Amino acid sequence: MKTPKPFLVGITGGIGSGKSTVAKIFSILGIPVYFADERAKWLMANDPLLKKNIIDAFGEESYTDTGLLNRDFLSRYVFGNEERVKLINSLVHPSVRKDFEAWSSKQESPYVLKEAALLFETGSYKELNKIITVSAPLKLRMMRVLLRDSHRNEAQVNAIIDQQLPDEEKNKMADFVIKNPDNKLLIPQVLKVHQELLSLANR
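Everything quoted here is computed from the prediction, not taken from an experiment.

## Quick look at the packing of helix α2 (residues 36-46) against helix α5 (residues 82-105)
Phase 1: Running from amino to carboxyl end, α2 crosses α5 at an angle of 105°, the nearest separation of the two axes being 10 Å. Classified by the angle between their axes, α2 and α5 sit roughly perpendicular to one another. Residue-level contacts link Ala 36, Arg 39, Ala 40, Leu 43 and Met 44 of α2 to Ile 88, Val 92, Ser 95, Val 96 and Asp 99 of α5.
Phase 2: Residue composition of the contact of α2 with α5, by class: seven nonpolar, one polar and two charged.

Structure below.
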């Protein structure tokens, strides 16, 4: 008998791997996608308890006078410091987890996707049934990010990469690996994984 709880699938990959593109292909197939990193930004700006916790941890300057998240301040004060990064993650991730649970419980698809950059690094992969990683060569990922994000330089991208597990480790831990170099088609790979997930979800 099919369980009413949806089958939970994570999709992750290093910066510039193309995980968001792959997630969008799944969404075209009718699979609901929870974009955890975007949702985290929304919660930081709109969840009253999370806002209070961030202010308590990092001060009033974390938000502007109009109540908006002060991204410039947090980028300077938090994200260059390992301990502060751990602290803000310890505040944000439980809020995202609760939000994802509420969202996924309302979905009627056989399975749902949670797209997040740090599924393995935060341990949140343990709360999911299966994991997909999207993998691409490091040089290609760097080139994609620098073309996409004009506000970032190579040193900043390398700093982000250093906070993420290498592709080799992610791929070993994943249930499915989608390879995304320029010379490999994504859609056939996504369709294959989609069919396997439908089979698993309907057991």
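## What to know about the side chain of Ser 124
Phase 1: Its place among the elements puts Ser 124 in the loop between α6 (119-122) and β4 (130-135).
Phase 2: Residue classification places Ser 124 among the buried positions, given a relative accessible area of 11%.
Phase 3: Ignoring any residue separated from it by four or fewer positions in sequence, one finds Ser 124 in contact with Lys 114, Leu 118 and Leu 119.

## Concerning the environment of Asn 153
Phase 1: Take Asn 153: it is sitting in the loop between α7 (138-148) and α8 (154-162).
Phase 2: Taking the C-alpha atoms as reference, Asn 153 lies 20 Å from Glu 82; in sequence the two are 71 residues apart.
Phase 3: In this structure the side chain of Asn 153 is engaged in a polar contact, spanning 2.8 Å, whose partner is the backbone nitrogen of Gln 156.

## With respect to a nonpolar patch on the surface
Phase 1: A cluster of nonpolar residues, Leu 29, Ile 187 and Leu 191, forms a patch on the protein surface that exposes about 240 Å² of accessible area.
Phase 2: The topology assignment puts Ile 187 in helix α10 (residues 187-201).

## Thoughts on the packing of α7 against α8
Packed helices, taken two at a time, are described by the angle their axes make and the gap between the axes.
Phase 1: Look at α7 against α8: their axes get within 10 Å of each other, and the N-to-C directions meet at 125°. Accordingly, the angle class assigned to the pair α7 and α8 is oblique. Like other packed secondary-structure pairs, α7 and α8 cross with a definite hand, here right-handed. In contact with Leu 138, Arg 141, Met 142, Val 145 and Leu 146 of α7, α8 contributes Glu 154, Val 157, Asn 158 and Ile 161.

What counts as what
- Residues numbered from 1 in each chain as written.
- Predicted model: local features only at pLDDT ≥ 70, side-chain atom pairs only at ≥ 80, totals over all residues.
- Heavy atoms only, no water.
- Axes fitted to C-alpha atoms, helices over the stretch in contact; angles between N-to-C directions.
- Helix = DSSP H or I, 4+ residues; strand = E, 2+ residues; numbered from the N terminus.
- Parallel < 35°, antiparallel > 145°, perpendicular 65-115°, else oblique.
- Contact = heavy atoms within 4.5 Å.
- Nonpolar A, V, L, I, M, F, W, Y, C, P; charged D, E, K, R; others polar.
- Buried < 20%, exposed > 50% of the residue type's maximum accessible area, 1.4 Å probe, protein only.
- Polar contact = N/O pair within 3.5 Å; in protein donor to acceptor, adjacent residues only side chain to side chain.
- Patch = residues over 30% accessible without salt bridge, like charges linked within 9 Å, V, L, I, M, F, W, Y side chains within 5 Å.
- Areas by Shrake-Rupley, 256 points an atom, 1.4 Å probe, with all protein chains shown as cover.
- Salt bridge = Lys/Arg side-chain N within 4 Å of Asp/Glu carboxyl O.
- Left-handed = near helix turned anticlockwise from the far one by under 90°.

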